[in-house]
Amino acid sequence: MIKFIAADLDGTLLNSAHELPEGFFELVERMHRMGVVFAAASGRQYYGVERLFEPVRDKMMFIAENGGIAFENGECVYSLPMADEGVLEMIKCARELYDDGVRVLLSGEKSAYVTDSDPDFSESCNIYCARLKVLHRLEDFAQNDHIIKVALFDKNAEQLTYPAMKRFSDRYNVILSNTQWVDIVGKDVNKGNAVKKLMDKLGAGFEEAMVFGDYLNDLEMMGCCRYSFAMENAHPVLKESAGFIAPSNDDNGVVREILRLIPELSEEPVRI
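A quick note: this is a predicted structure, and the numbers were derived from the prediction, not measured.

**Student:** If you had to explain the pairing of strand β12 (residues 209-213) to someone new, which residues and values would you point to?
**Tutor:** With respect to burial, β12 is a largely interior element, 5 of its 5 residues being buried. Residues A209, V211 and G213 line one face of β12 and the alternating positions M210 and F212 line the opposite face, and both faces are buried. In this structure, strand β1 (residues 4-7) lies alongside β12, joined through 4 bridges in parallel fashion. Bridge pairing in β12 places F4 opposite A209. The pairing of β12 with strand β13 (residues 227-231) spans 4 bridges and is classified as parallel. Following the sheet pairing, V211 is matched in β13 by S228.

This is the structure in structure tokens:
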């Protein structure tokens, strides 16, 4: 019996228009009644993810900032902030790439922080962050918040920013989250460890969980349980690590596989 399901959002549960599958809230309600816990597992800020799932937010869990923080019923389950000196070092390093188009977003427990307002950067920040403040200097974050994630925006992330920031990989987890974002979090922070924490909390074993992802920040989740799915549109490395391949995010792959493995949920129709 499946007790726990965790799904990444962008490129996984959400379609290319960043929309949830039709009828998904009803499916979460049905899972909740059956005792199956659903968790959104995202690199996004918690406050934006919670808003996306507002009608059912009290019936699910949230893993945010690539595993750096988790919530249930509006309460923080755990938070893993970074040391201020490390964040300051990363800001300094990222500034060296400013002329190449690299921009910095700091994600804290209370809010996210930026200094720049380039159109493409701002648009992406507004998609991922419900709470966003503009600082005169990024270094001023230390007066207000604890930073969980340093996120770097770059249209050429895999070729430029990711290799440049790998210098921090001996102390931090440097993650290629998608084609335009590199995320840096604590060394032991990843979605896989977050999923394991929640599985332990719920008493869900290896055979009793499902996970879904599409990019390299989902890699550690693939080893958490038997039913690990990479989407058809996933990064090739993730596909190699997953136990199964689900239909693409534009073909409602997450919903289709949930209904296939938990047929009891199909007693009431869900539109796919």
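**Student:** Describe in detail the pattern of salt bridges, supporting the description with residues and values.
**Tutor:** As enumerated under the stated definition, the model contains 22 salt bridges in all. Notably, a salt bridge pairs E72 with K201, separated by 2.9 Å at the nearest N-O pair. On the criterion of sequence distance, the pair formed by E72 in strand β4 (residues 69-72) and K201 in helix α6 (residues 191-202) is long-range, its members being 129 residues apart. Residue E72 is classed as partly exposed on the basis of its relative accessible area, which comes to 25%. We note a salt bridge from E89 to R171, for which the minimum N-O separation is 3.2 Å. On the criterion of sequence distance, the pair formed by E89 in helix α3 (residues 84-95) and R171 in the loop between α5 (161-165) and β10 (172-178) is long-range, its members being 82 residues apart. Within this structure, R95, R137, E139 and D140 form a network of salt bridges that share partners.

Conventions we followed
- Residues numbered from 1 in each chain as written.
- Predicted model: local features only at pLDDT ≥ 70, side-chain atom pairs only at ≥ 80, totals over all residues.
- Heavy atoms only, no water.
- Buried < 20%, exposed > 50% of the residue type's maximum accessible area, 1.4 Å probe, protein only.
- Helix = DSSP H or I, 4+ residues; strand = E, 2+ residues; numbered from the N terminus.
- Pairing = 2+ DSSP bridges.
- Salt bridge = Lys/Arg side-chain N within 4 Å of Asp/Glu carboxyl O.

Everything listed is a geometric property; what it means functionally is a separate question.
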